[in-house]
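Now for the letters of each chain:
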Amino acid sequence: MENGNNVAASPEEVRRSPAFGWAARDTSGVLSPFTFSRRKNGENDVTIKILYCGICHSDLHSVKNEWQNSVYPIVPGHEIVGVVTEVGGKVDRFKVGDHAGVGCMVNSCRSCHECAGHLENHCPGMIFTYNSTDVDGTVTYGGYSDSVVVEEHFAVRFPAGMPLDRGAPLLCAGITVYSPMKRFGFDVPGKHIGVVGLGGLGHVAVKFGKAFGAKVTVISTSPSKRQEAVERLGADAFLVSKDPDEMKAAWGTMDGIINTVSGNHEVTPLLSLLKTFGQMVMVGAPEKPLEIYAFPLLLGGKSIVGSAIGGMKETQEMIDFAAEHNVTADIELISMDYVNEAMERVAKADVRYRFVIDIGNTLSAT
C-alpha cells in the first residue's frame, strides 16, 4: 500500500520466498540473525526444511574472507540435511516428507564434458551452495538457515536409518575422502591406507577405509591420539610422524595415503611410506605452497595428487554405502546461538570431530 493505493509486487518479489538464517557481515566472521529470500520452488526443484547443518572449516575461512572471495552478507553451511516440503512438477526422485541433503554445490552447466561424466564438481560453471552467483544472478546462501531450494539433480536422498545429524557432515567430509579412495583403488580389501591427520576429514577416512576392508594406519604428529585412533575409531595402527624409528619401520608399506591436513606441514617424508607407484592424495588445503623434493617422487614412481569432493552420482553412492556400513561422523550437536563459540573452537581444532547445528530445534526468527 502506497499513498492509499495497492502497489503490485515486483516480478523479483513474486519469484522469491522469505527465509531466515545467520550471516556474517564482515571479516570479523561474527554471525548474527539475518532475514533474506530464496527463489520459489520451480518445476525441477525441491524445497527442504533444514533440520541439521554441519560446520566445515571452509565455513570459517569464508566468513573471515581468508580466501579473499567472500561476498557479504554470507550465510555459510554446505552439510545440509532436512525434510522435503515441496517438489516441482517434473521432480521424480523425491516426494514431500523424504529426507534429503545438499552438499557443496547447487548447480553446474550440465553440458560440459565434466558434467556429462558425472563430475559436476569439476565443472567450470559449478555453483557453490553459498557465496556463489546463482543462475538468476543472485548470491547463494547456505545451510545456517531454515530452508533451501535446490534443483533435484543436486539433492541427495538420505536412506532410511541414516541418522540425519551424524550423516550431515558426510556431504562434505565424507565425499571428500570417499571419492579419492574409490578413484585410486584404495577401496580394495587388503589394501594398506595411511590417513594423515585425525580431524573432521581424517576420522571419516578411517571409518570408510575399515568399511572397505582395508588396513588403516593413522599418521599424526600427536602421540596422544594413538588410543583414540586405534581403540575407538578402529584403525589398525598408529604412526607418529615425528618419530624417526616409527617412520623407518613403515617405509614402503602403504598402497596409498589420504592427507587431510590443512595446516602447513612437510609432505616429502610421508612419500617414503608409499609402495612403488603409490599415491598420496591431498584433500586438505595448506595455506602455503608445498615444498617437495623430486627424488622421493622419481624413486619408486610415486605421485602426489589432489581431490575435491565428488560428483552427484558418487555423492549419492557414498551416502548409500555409508548407510549400509554404518559410517557416520562423530559430532558435537550445538544450538544456533552457540555458532560463534563453535567457530572459535574450530579455529583451535577443539572439536571431536565435527560440529553440527541443530537447526530444526534451535533456529528461531524471534
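- An unreviewed UniProt entry annotates the protein as cinnamyl-alcohol dehydrogenase originating from Zingiber officinale.
- Of the comments in the UniProt record for the protein, the one headed Sequence similarities (unreviewed entry) reads "Belongs to the zinc-containing alcohol dehydrogenase family."
- Reading the Cofactor (unreviewed entry) entry of the UniProt record for the protein gives the comment "Zn(2+)".

### Some remarks on the overall build of the protein
Point 1. The number of helices and strands found in the protein is 13 helices and 17 strands.
Point 2. In terms of overall size, the protein behaves like a compact globule, its C-alpha atoms giving a radius of gyration of 21 Å where 366 residues would be expected to give roughly 21 Å.
Point 3. Out of the 366 residues in the protein, the part that is buried amounts to 51%.
Point 4. Within the protein, counting contacts between residues at least 6 apart in sequence, those at least 24 apart form 65% of the total.
Point 5. Only carbon and sulfur atoms are counted for the fraction: they give 52% of the accessible area of the protein, which is about 16,500 Å².
Point 6. When the 33 basic and 42 acidic side-chain charges of the protein are each reduced to a single mean position, those positions are 4 Å apart.

### What to know about the packing of aromatic side chains
Point 1. Using the criterion set out here, one finds 10 aromatic pairs in the structure.
Point 2. Geometrically, the ring pair formed by Tyr178 and Phe212 is tilted, given 5.8 Å between the ring centres and 40 degrees between the ring planes. Here the residue Tyr178 occupies a position in helix H5 (residues 173–183), and Phe212 occupies one in the loop between helix H6 (200–211) and strand S11 (215–220), the gap between them amounting to 34 residues.
Point 3. We classify Tyr178 as buried; its relative accessible area is 1%.
Point 4. Overall, Phe212 belongs to the buried group, its relative accessible area being 7%.
Point 5. One aromatic cluster in this structure is built from Tyr178, Phe208, Phe212 and Phe321.

The rules behind each value
Residues numbered from 1 in each chain as written. Predicted model: local features only at pLDDT ≥ 70, side-chain atom pairs only at ≥ 80, totals over all residues. Heavy atoms only, no water. UniProt positions renumbered as here; feature names shortened; annotations may be inferred. Helix = DSSP H or I, 4+ residues; strand = E, 2+ residues; numbered from the N terminus. Rg over C-alpha atoms; globule rule 2.2 N^0.38 Å. Buried < 20%, exposed > 50% of the residue type's maximum accessible area, 1.4 Å probe, protein only. Contact = heavy atoms within 4.5 Å. Areas by Shrake-Rupley, 256 points an atom, 1.4 Å probe, with all protein chains shown as cover. Lys, Arg positive; Asp, Glu negative; His and termini not counted. Charge placed at Lys NZ, Arg CZ, Asp CG, Glu CD. Phe/Tyr/Trp six-rings, centres within 6.5 Å; stacked < 30°, edge-to-face > 60°.

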